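# Residue-level structure breakdown
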Amino acid sequence: MKLNLPLALVVAILITGCSNDSTKKDNKVEELLSQMTLDEKVGQLNQYAVGPELTGPGEKTGQTKVRYDQLLSGQVGSVLNVLGAKNGREMQKQVVENTRLGIPLVFGYDVIHGYKTIFPIPLGESASWDLELMEATARVAAVETSAAGVQWTFAPMMDVGRDPRWGRVMEGAGEDTYLGAEIAKARVKGFQGSDLSSTNTIAACAKHFAGYGFSESGKDYNNVYMGQHMLLNTVIPPFKASAAVGVATFMNSFNDLDGIPSTANPYLLRDLLKGDWKYDGMVVSDWNSVGELIPHGVARNKYEAARMAINAGSDMDMEGAAYVENLKQLVEKGEVSMNVLDDAVRRVLTLKQRLGLLDDPYKYFDEAREAEQMMKKEHLDLARDAARKSIVLLKNQGNLLPLKGKRIAVIGPLAKDKDTPIGNWRAAADPNSAVSLFEGLTEGMPDVNFTYAEGCKLSIGPNNFANELQIENNDRSGFAEAIRVARSAEVVIMNLGEPAYMSGEARSRSEIGLPGLQLELLKEVYKVNKNIVLVLMNGRPLTIEWESENIPAIVEAWHLGSMAGHAIADVLSGKYNPSGKLTMSFPRSVGQIPVYYNHKMTGRPSTGSNMVFYTHHMDVERSPRYPFGYGLSYSIFSYSPVTLIDSVKTAGTSITAKVTVTNNSAADGEEVVQLYIRDVVGSITRPVLELKGFQKSMIKAGESKEFTFEITDELLSFYRRDFSFGTEPGEFEVFVGPSSAQLQSASFTLK
Ligand code: GLC
């Protein structure tokens, strides 16, 4: 039967039909909210770590009887670090069956670069510049995490970082705002998929909001001083982009921002996030960051801390017990309005509704699915591919790589190490579950005679999160064997770097060279054999001046995860042509920090005359050792001049930039073609360069490929002097090239 309904009526039915479902869900949240007592509302805003893993200071708080009593009496809305479908189901059952309204818990965990199958640390993976890949690895992480009874990851971390002394650069996407935003979106989409209520997707968390990557002197948790223009133009965009793609939660940062701790910062949370951006997700504090308003010196006690944080817009209190102990009294005294409280509770209930937990509290606790999902072959294959694509070839003098020769020595404390490549923030990875470099080489190159020597020890324990690392600085007893093995080899692979727990949270360093005796060992080996391939495994940019001056081949292999050894062997053997590009500059010295590509001109630009009066250090080159966007290939790429379709752009139109890249070698290879833009004159000072586009593409041997970039108003927009967002007319320079330091340019005028 054909219904001739007027279009307006059809549209109305469609909207009503669609909204019926979302209205029904909202009604469920509103219905629950209307039934809840004040105690029950407060309970939803309380999160405890209840499990063996402490990811912050404090004794085994999660095990105390007090907390279990609170859990069973509806005073806990969420737990973290509880793993396993069986454990989760049992805890969920206790809560649902013992509390008056049976509101289920939501289970959170730090799944930063994989759950059981471990992918490269995020800083390493960002060097792949492969957004689809990064979405795919987050997808697999979500499949394994959700199968283990966890519905919420505290990731992606999207703190722009320019200071490699800060250990948490390993968790992020490097120094660039544009790339950081693109990668944040990819990872959020990977974790959350298209349906948050599906049992193989998990809620993501945009963290740490905001400015954490600029902790003074790279010391973790330290103060952050920055103006509003820098906050808005450098730090905020990845968070805003994540909110725009529907990231389910945000997390506060520990730091204060020009004197105001982020956890109690109404500008960040009420004005920007929940105001301008109209964000309807939920904000969780960082570990006791509500309670830490007291040592910050802005709250005298937990009562004041709770009031400041909830009124500023922090919805849930992780591990602080400040809300559960004080919010009832604060509301009864009128110091926190019921509207503020209800808004926070609504956001928590909405998260649970979106995850499907209000409809079925047990949907994520399937032990059979957990048993079948972990470290599946396709997960490990993806891990190997991600690891290969994250490797950056820094130097290859005399084409020492790909490896030739049949007698190859493999030397160094990491060469047979199956644990370090897993890195920090390793979630539920099994210890020693990575493929070591030696295993990868011997399996991948069976015709080669590989010899081995440890040379020296590196971390002499404890190699875990809880205690300070001890690094070996005295025992040279392994040097002689290493020298003997090196002397008789055609080529030496030196595998050196940082222990897994020398980067990550609370792991800042004041010097960032190779720790312990490693450089000394390398120099001793170099005396007897100069054909050295240095393979670095590290969680941050390092200062490697002597190495860069003397060692012919250097490969940056980060902490690459479960399949590290195979991935590195794929590159060293030539099975995979390296395509990674640095997303964070490598300084020449600690004194050069911060050194990054998108710096400002200053009134005396460092490209200055031969006088002394320009921006520079007297005792070091102006450029970093290795710049942002840099990475070599076994292929040889050349770039044509960049051409613009027009020299004038008017508002609302786009202008096209074109470049042709030729592979002048016999090796097929992937290249990351990068587009940068400079706004020559602005209402505020502007960076000398800003990444505004990139394309990673396979270019076959001998092939020439044309790349085009559309330059839109969005790409030229920024937070201007008056903090409005938009473009400003004037001259712009366009750059295209293989890194931020090798560029062809053209210019146009924006009318
Ligand atoms: C930690 C980290 C945060 C993490 C949280 C829970 O202190 O700062 O990134 O998600 O606590 O482990």
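This one's a predicted model, so the numbers in the text were calculated from it and none came from an experiment.

Conventions and cut-offs
Residues numbered from 1 in each chain as written. Predicted model: local features only at pLDDT ≥ 70, side-chain atom pairs only at ≥ 80, totals over all residues. Heavy atoms only, no water. Helix = DSSP H or I, 4+ residues; strand = E, 2+ residues; numbered from the N terminus. Polar contact = N/O pair within 3.5 Å; in protein donor to acceptor, adjacent residues only side chain to side chain. Contact = heavy atoms within 4.5 Å. 1 Å grid on protein atoms, 1.4 Å probe; cavity = no way out; pocket = protein on both sides within 12 Å on 5 of 7 lines; lining within 4 Å. Points joined across faces, edges and corners; volume = space filled by probe spheres on them. Nonpolar A, V, L, I, M, F, W, Y, C, P; charged D, E, K, R; others polar. Pairing = 2+ DSSP bridges. Axes fitted to C-alpha atoms, helices over the stretch in contact; angles between N-to-C directions. Near = heavy atom within 4 Å. Areas by Shrake-Rupley, 256 points an atom, 1.4 Å probe, with all protein chains shown as cover. Expected span 1.5 Å × (residues − 1). Buried < 20%, exposed > 50% of the residue type's maximum accessible area, 1.4 Å probe, protein only. Parallel < 35°, antiparallel > 145°, perpendicular 65-115°, else oblique.

What follows covers the side chain of S78. Take S78: it is sitting in strand 2 (residues 78-80). In this structure the side chain of S78 is engaged in a polar contact, spanning 2.7 Å, whose partner is the backbone oxygen of V106. Residues in contact with S78, not counting those within four places in the same chain, are N46, Q47, Y48, L105, V106, W152 and M316.

The next point concerns empty space enclosed by the protein. Counted by the stated rule, this structure contains ten cavities of 30 Å³ or more. Its boundaries defined by the atoms lining it, the largest cavity holds a volume of some 100 Å³. Lining the largest cavity are 14 residues, and of these T55, D110, D286, W425 and E505 sit closest to its centre. For the lining of the largest cavity, a count of residues per class yields seven nonpolar, two polar and five charged. In this structure, the second largest cavity encloses a volume near 80 Å³. Lining the second largest cavity are 13 residues, with I112, H113, E125, T137 and A138 positioned closest to its centre. The set of elements that each furnish at least two residues to the lining of the second largest cavity consists of helix 5 (122-126), helix 6 (131-147) and helix 7 (177-192). Sorting elements by how many residues they give to the lining of the second largest cavity places helix 6 first, with four residues. The residue inventory of the lining of the second largest cavity, partitioned by class, reads eight nonpolar, three polar and two charged.

Moving on: the sheet that holds strand 15 (residues 532-537). Taking strand neighbours across the sheet as the criterion, the six strands line up as 11-16-15-14-12-13 in an open arrangement whose pairing is mixed. The sheet is open, and its two borders are formed by strand 11 (392-396) and strand 13 (449-453), each paired with just one other strand. Across this sheet, the average inter-strand angle for adjacent strands is 20°, counted without regard to direction. Both strand 15 and strand 16 (residues 553-556) contribute to a ladder of four bridges, which runs parallel. Each residue of the ladder has a partner; that of V535, found in strand 16, is V555. The sheet strands contacting helix 19 (residues 518-528) are strand 12 (407-411), strand 14 (491-497) and strand 15, and the helix crosses strand 14 at an angle near 170°. Each of strand 14, strand 15 and strand 16 touches helix 21 (residues 564-573); the most contacted strand, strand 15, lies at about 150° to it.

Turning to the sheet that holds strand 6 (residues 249-252), a few remarks are in order. With parallel pairing, the three strands of this open sheet are ordered in space as 5-6-9. Where the open sheet ends on each side, the last strands, each with one partner, are strand 5 (205-209) and strand 9 (282-284). For this sheet, the mean angle separating the axes of adjacent strands, direction not counted, is 25°. The pairing of strand 5 with strand 6 spans three bridges and is parallel. Bridging from a neighbouring strand, F209 pairs with N252 of strand 6. Relative to the sheet, helix 9 (residues 237-244) contacts strand 5 and strand 6, its axis offset from that of strand 5 by approximately 155°.

For T117, the position within the fold is in the loop between strand 3 (106-109) and helix 5. A distance of 2.6 Å separates the side chain of T117 from the side chain of E144, its partner in a polar contact. A polar side-chain atom of T117 sits 3.5 Å from the main-chain amide nitrogen of M375.

The ligand sits among 13 residues. The nearest are T55, D110, K207, H208 and D286. The separation between an oxygen atom of the ligand and a polar side-chain atom of H208 is 2.7 Å. One of the side-chain nitrogen or oxygen atoms of D286 is found 2.7 Å away from an oxygen atom of the ligand. The fraction of the free accessible surface of the ligand (310 Å²) that becomes covered by protein chains is 100%.

Another point: helix 6. Helix length check: helix 6 (17 residues) gives 24 Å between terminal C-alpha atoms against 24 Å at 1.5 Å per residue, within 8%. Helix 6 sits mainly inside the fold: twelve of its 17 residues count as buried. Residues of helix 6 that are buried sit in contact with helix 4 (85-98), helix 5, helix 7, helix 15 (367-373) and helix 16 (377-390). Taken from the residues just after helix 6, G149 is the one with a positive phi, measuring 85°.

Residue H208 is bonded to the preceding K207 through a cis peptide linkage, with omega at 0°. If you trace the backbone, H208 turns up in strand 5. Across the junction of F209 and A210, the peptide omega takes the value 10°, indicating a cis bond. Checked against the element boundaries, A210 lands in the loop between strand 5 and helix 8 (228-235). With a phi angle near 70°, Y221 is a residue other than glycine that sits in the positive phi range.

Time to look at the pairing of strand 21 (residues 669-679). Buried residues dominate strand 21, accounting for eleven of its eleven residues. With burial as the criterion, each face of strand 21 is covered, one bearing G669, E671, V673, L675, I677 and D679 and the other bearing E670, V672, Q674, Y676 and R678. Judged from the nine bridges that link them, strand 21 and strand 22 (residues 690-699) form a sheet pairing that is antiparallel. The partner of I677 across the bridge, within strand 22, is E690.

With respect to the helices and strands, V290 occurs in the loop between strand 9 and helix 11 (293-296). Taking the relative accessible area as the measure of exposure, V290 reaches 0% and is therefore buried. Along the primary structure V290 and G320 are separated by 30 residues, whereas in three dimensions their C-alpha atoms are 6.3 Å apart. Contacts of V290, omitting those with residues within four sequence positions, involve T263, S285, A305, A306, A309, D317, A322 and Y323.

Interaxial distance between helix 12 (residues 302-312) and helix 13 (residues 322-332) falls to 9 Å at its minimum, and their mutual angle equals 80°. Judged by the angle between their axes, helix 12 and helix 13 are roughly perpendicular. Here K302, Y303, A306, R307, A309 and I310 of helix 12 come into contact with helix 13, specifically with A322, Y323, E325, N326, L327, Q329 and L330. Looking at the contact of helix 12 with helix 13 residue by residue, the class counts come to eight nonpolar, two polar and three charged.

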